[in-house]
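Coordinate inspection notes
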Amino acid sequence: MTEPIQLAMFGVTETDTRHVLDRLSARGIDYADLYFESRVAESVSMEEGIVKRAAKSISQGVGVRATAGEKTGFAYSDDLTKKDLELAADTARYIADSPKGTRMVPVPIHKRPAHDLYPVERAKVEVATPERVALLNEIDAEARRYDPRIKNVMASFNTEYKVVVVATSEGTLVADVQPLSRLQISCIAEEDGNRQIGSFGGGGRVGFEFYRDQNRHLQYAREAAREAIVNLSAVEAPAGVMPVVLAGGWPGILLHEAIGHGLEADFNRKKTSAFSNLIGKRVASEVCTIVDDGTLPFRRGSLNMDDEGTPTGRTILIEKGILRGYMTDKLNARLMGISLTGNGRRESYQSVVLPRMTNTFMLAGESDPQDIIRSVKRGLYAVSFGGGQVDITNGKFVFSASEAYLIEDGRVTRPVKGATLIGNGPDILKKVSMVGHDLKLDNGIGTCGKDGQSVPVGVGLPTIKVDEITVGGTQQ
Amino acid sequence: MELRPELQSGRSATESDGGYAQLAADILSRAKACGATEADVVVADGQTLSVQVRVGVVDRLTKAREKRLGLRVFVGKRSATSSTCDFSRESLERLVAETCTLAKTVVEDPMSGLPEANQMAKDQPDLELYDGTVLSTENQIEWAKRGEAAAFAADERVTNSEGAEFESSSGRVVLANSHGFIGSYNGSSFSLSVAPIASDARTSSMQRGVWYDVQRKFARLASAESIGREAARRAVRRLGARRVATKRVPVVFDQETAGSLLANLCSAVSGYGLYKRASFLLDQLGRTIASDLITVYDDGRMVGGLGSRPFDGEGVATRKNTIVERGVLTSYLLDTYSGKKMGMSSTGNAARSVGESPSVGPTNFYLVPDTKTPEQIISSVKEGLYLTELIGFGINMVTGDYSRGASGFWIENGELAFPVEEITIAGNLKQMLKDIEMVGNDLVFRGRVASPTIKIAEMMVAGN
């Protein structure tokens, strides 16, 4: 078999990779890998009706890693000469505290990734700048047409085209090409000195045509404008414990913060997670089944393989309320004696692999979304959110609503200002009493941060009712 | 998820520029040949050694060298930026040509352009930003081990650890533009952070504590033992935290959380948010925006400062700006572009992460301390919250609406009574700044934005 053509992009041959891996196969080293990455990112942005900024960024480099027991030795370089690779290998090997390896690693079995989830031609991702400029201009016009109170429209369109090659001491050599793009729009509405912002966006591992399909870009523009206009009439949010109905889609950020991070294997191996030792225990109500699935075509959080070359999959995290499994990378799977789930991810060649989420969502239930709202006497209906955060160790998490309404006597009434919701991860899903039949995945805007590393992710949720959660408004 | 000190390079007049000055000059002349009317180039490189120790053994060792070049070109009033880590001649020539082509595809912006030639930094004082101390891997491992061991030794309830990390890094920045300006500086940093976990045997609950120090000079770094002990104290004191009933009370922000509030003020006075009309401090220059106890400086030339540098991301001389004086907003933070949009001059606050267009950022942005000790401030509160941690992103910079997850201690009759968690605090930044009724004497720089303890008269605390 021939080596992946992508390796040649880095000016490196299969023999070079074997040479470095041989050097790393010292006594005490359990595993080693080389991660070659080339990334071209482009962006254009618009404000005040003009597309005034365009930028392009090129990065290329290699990350060299060796693990020995719990230890990881890691080095990276943006130079790819044989000498640079050897230097990096010797740094990585340092942690095993043993002399240069002499063993031969297996001859690579060239593998293709298990999936082909985003077959998008490069030319369809990196379209000419004038096409991007035209897209942003149409967005500006559409948002302003939606309502004359829209006074400024800020939009940006970002693309990235990433080629990765992973060579491991297990004898695999596998490459993937990972396109990614995102359109993000914010509108400022102004009326009588009251200024409000509304935002919307979307994207995925898709080509440029995705944004023009069914005039999706114009839908996004109207959504951002609509949220800004709604917020012009928002009243103070309530404070205290109350029932909250979360709309489908992006509000799935609840799952990401409340349970997702706590189920990443590293925290559980170190027993620093509030979910440590809870496998097989009830952590959610019977109506909750939650999965992490990296295999959904064209999704922002999807991957044909993770950054260690492991095929991505669908992992059941919680099944009918019972905690079933953790998300793993190779190091943690080996140390914990559990299976690989394809969740070993890294931001770039400059960062180490960590267990990370892909697309995390709750499966649809049986309730009618309207019935869910009707069941609440006084509470909050939260439609859209900004960001969220969690303290893994004590399990406390927050997520902040950017569009929300009061529910009064079973009806959605006035919009309220944004408010932060706070809860305890291992408890909150036990308070989910109704799950809608309307599962929706988010539009493809999520970026997750952990240990200083950002990776694209997805979330999803049907309409759900949480019987009680603390809402951080200002009105008692 | 993890507290990481943010670092920025500083300068040393004595270091050579490693041939980057010539490289920058070549790029500028190449850009001119491709049709650029103005351009600037930033070249940065650096090296980092980081060791992480967990429960007494090395968990992770990371060593890296990196370099990056950023280019900004103007073709008349159109501009584009680019960056690369590939310094090969062919690749750079292609990049210059592509960037000029890219500039020609965007729309003209009458405000675009380099700073005026007379605004460029003329002096390059030694701000003591660089320390050439090279620590061996073993030495760094030793520091991290001692920090973590001190945390375990400090209290028997410290039973686990997320680890201790020691990082040393150094680097250099060279900036040149088509006015003929060329400047360079070197910087370094040394940091230790320790993150122990305390557990309560009775409730089997866990709490994490983090403490750290970061300094440009190795000799100034706090001892590993003091950092470890403080991290342990911060973890242990959270054990047994509970919720409190929803009510309106005074809130005392400790140094760390007050620093976060000051960072919100910093964003609100940054030029880009203002000209886009996306700041709650719009049209407030010369007006009272905070209590008269509040005076805020941004000082780009503080000796040894983590945010100090002789010139900003466009080569404009840095200086000490008074942002708020006795409650009155006296200056925004501006770069050339946002300054022009506001009809003003740059304040020397262009921040430039290589490869991006300049934006605005603080240098050393701080609230001037007053005379009260933190204990005196706490003792002034009959019932209220002593805030030590904030989580989440519930801040609307357009309206000032503020709602964040919080934890800390409940104050009863002027004393810390018990730890609290899973609560939120909410208000509006416009009102919160005016409601600051006490400022502490405990200003310490552990980053580019710093504040002493402060007390806000009243906020809504939501719990059960």
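Just so we're clear, the structure is a prediction, and the values are computed from it rather than from any experiment.

Counting its regular elements, chain B contains nine helices and 20 strands. The C-alpha radius of gyration computed for chain B amounts to 24 Å, which stays within 12% of the reference 23 Å derived for 464 residues, consistent with globular compactness. Its C-alpha atoms put chain B at 75 × 55 × 35 Å along the principal axes. Per-residue burial over chain B gives 58% buried out of 464 residues. Sequence-distant contacts, at least 24 apart, represent 74% of the contacts inside chain B between residues at least 6 apart.

Turning our attention to the interface of chain A and chain B. Counting residues at the interface gives 69 residues for chain A, matched by 64 residues for chain B. The element contributing the most residues to the side of chain A that touches chain B is strand β2 (residues 50-68) of chain A, with 12 residues. Split into classes, the residues belonging to the side of chain A that touches chain B amount to 23 nonpolar, 31 polar and 15 charged. Note that strand β3 (residues 71-77) of chain A and strand β2 (residues 57-75) of chain B share five bridges and pair parallel. Bridging across to β2 of chain B, Tyr 76 of chain A finds its partner in Ala 64 of chain B.

Once that is clear, we can look at unusual backbone geometry. A positive phi angle, close to 45°, is found at Lys 320 of chain A, a residue other than glycine. Of note, Lys 320 of chain A is situated in the loop between β10 (314-319) and β11 (322-323). Here the phi dihedral of Asn 413 of chain B falls at roughly 50°; this positive angle occurs in a residue that is not glycine. When you line up the elements, Asn 413 of chain B lands in the loop between β16 (401-412) and β17 (415-428).

Before going further, it helps to examine the sheet that holds strand β14 (residues 365-367) of chain B. All names here are of chain B. Sheet architecture is open: five strands sit in the order β11-β10-β9-β14-β19, paired in mixed fashion. In the strand order of this sheet, the two ends are held by β11 (328-329) and β19 (449-450), each with one partner. Of the pairings in the sheet, the one linking strand β10 (residues 320-325) to β11 comprises two bridges and is antiparallel in character. Residue pairing for β11: Glu 325 is matched across the bridge by Val 328.

Attention now moves to the domain arrangement of chain A. Residue and element names in this part refer to chain A. Per the domain assignment, the segments making up chain A are domain 1 (122-162 + 178-232) and domain 2 (239-472). When each unit is reduced to the centre of its C-alpha atoms, the spacing between domain 1 and domain 2 is 26 Å. Each side of the interface is counted separately: domain 1 has 13 residues, and domain 2 has 12 residues. At the level of elements, β6 (172-191), β7 (194-204) and α6 (216-232) are the ones that each hand at least two residues to the side of domain 1 that touches domain 2. The biggest single contributor to the side of domain 1 that touches domain 2 is β7, with five residues. Counted by class, the side of domain 1 that touches domain 2 contains three nonpolar, seven polar and three charged residues.

All names here are of chain A. Where helix α1 (residues 14-24) contacts helix α2 (residues 82-93), the two axes come as close as 9 Å, and the packing angle between them is 25°. As far as their axial angle goes, α2 and α1 are roughly parallel. Two packed elements cross with a definite hand, and for α1 against α2 that hand is right-handed. For the pair α1 and α2, contact is made by Asp 16, Val 20, Arg 23 and Leu 24 and by Lys 82, Leu 85, Glu 86, Ala 89, Ala 92 and Arg 93, respectively. By residue class, the composition of the contact of α1 with α2 is five nonpolar, no polar and five charged.

Before going further, it helps to spend a moment on the pairing of β2 of chain A. Taken across its 19 residues, β2 of chain A has 18 buried, putting it largely inside the fold. In this structure, strand β1 (residues 31-47) of chain A lies alongside β2 of chain A, joined through 17 bridges in antiparallel fashion. Opposite Glu 37 of chain A, over in β2 of chain A, you have Gly 61 of chain A as the bridge partner. What sits between β1 of chain A and β2 of chain A in their antiparallel hairpin is a turn of two residues, with Glu 48 of chain A showing a positive phi close to 50°. Both β2 of chain A and strand β3 (residues 78-84) of chain B contribute to a ladder of four bridges, which runs parallel. Within the sheet, the bridge partner assigned to Ser 57 of chain A lies in β3 of chain B and is Ser 83 of chain B. The hairpin formed by β2 of chain A and β3 of chain A contains two residues between the paired strands, and Gly 69 of chain A there has a positive phi angle of roughly 60°.

Residues and elements named next belong to chain B. Along its sequence, chain B is carved into domain 1 (20-236) and domain 2 (241-464). The C-alpha centroid of domain 2 is placed 23 Å from the C-alpha centroid of domain 1. Each side of the interface is counted separately: domain 1 has 31 residues, and domain 2 has 23 residues. When contributions to the side of domain 1 that touches domain 2 are tallied by element, the ones reaching two or more residues are β1 (38-54), β2, β3, β4 (158-177), β5 (182-200) and β7 (211-215).

Attention now moves to the environment of Ile 411 of chain B. Residues and elements named next belong to chain B. Among the secondary structure elements, Ile 411 is positioned in strand β16. In this structure, the C-alpha to C-alpha distance between Ile 411 and Asp 40, residues 371 residues apart in sequence, is 54 Å. If we skip the residues at most four places from it in the chain, Ile 411 touches Ile 378, Val 381, Glu 383, Gly 384, Leu 385, Tyr 386, Leu 416 and Ala 417.

Moving on: the confidence of the model for chain B. All names here are of chain B. A residue-level look at chain B finds 96% of positions with pLDDT of 70 or above and a mean pLDDT of 93. Contacts for the low-pLDDT stretch residues 1-15, under 50 throughout, to residues beyond four places or in other chains number 55 contacts. As scored by the predictor, the complex reaches a pTM of 0.94 and an ipTM of 0.93.

Here we come to the packing of helix α3 (residues 137-154) of chain B against helix α4 (residues 224-236) of chain B. Residue and element names in this part refer to chain B. Look at α3 against α4: their axes get within 7 Å of each other, and the N-to-C directions meet at 40°. Here α4 runs oblique to α3, going by the angle between their axes. As α3 packs across α4, the resulting crossing turns out to be right-handed. Facing α3, whose interface residues are Trp 143, Arg 146, Gly 147, Glu 148, Ala 149, Ala 150, Ala 151 and Ala 154, α4 presents Ala 224, Glu 225, Ile 227, Gly 228, Arg 229, Ala 231, Ala 232 and Arg 233. Its residues assigned to classes, the contact of α3 with α4 comprises nine nonpolar, two polar and five charged.

Cut-offs used in this document
Throughout, residues of each chain are indexed from 1 in the direction in which the sequence is written. Starting at A for chains and at 1 for ligands, labels are handed out in the order in which the entities are written. With pLDDT at 70 or above as the cut-off, local features in this predicted model cover only qualifying residues; side-chain atom pairs require 80 or more to be listed or tallied, and sums for whole chains, interfaces and linings still use all residues. In this text, helices come from DSSP runs of H or I with a minimum length of four residues, and strands from runs of E with a minimum of two, each type numbered from the N-terminal end. It is over C-alpha atoms that the radius of gyration is taken, and the globule rule equals 2.2 Å times the number of residues to the power 0.38. Three exposure classes are used. Buried residues have 20 or more other C-beta atoms within 10 Å of their own C-beta, exposed residues have 12 or fewer, and partly exposed residues fall in between, all C-beta atoms being placed from the backbone. Note on contacts: each residue gets a C-beta atom placed from the backbone, and two residues are in contact if those atoms are within 7 Å. Note on residue categories: nonpolar means Ala, Val, Leu, Ile, Met, Phe, Trp, Tyr, Cys or Pro, charged means Asp, Glu, Lys or Arg, and polar means any other residue, Gly included. Here the rule is simple: two strands pair whenever DSSP picks up at least two bridges between them. Each domain's extent is set by a domain assignment, obtained either automatically or from a database. An axis is simply a line fitted to the C-alpha atoms; with a helix, the fit covers only the stretch in contact. Between two such axes, the angle follows the N-to-C directions and lies from 0 to 180 degrees. Throughout, the term roughly parallel applies to angles under 35 degrees, roughly antiparallel to angles over 145, roughly perpendicular to angles from 65 to 115, and oblique to all others. Two helices cross in a left-handed way if the nearer one is turned anticlockwise from the farther one by less than a right angle. They cross in a right-handed way if the turn is clockwise. A residue's pLDDT is the predictor's confidence in that residue, given on a scale from 0 to 100.

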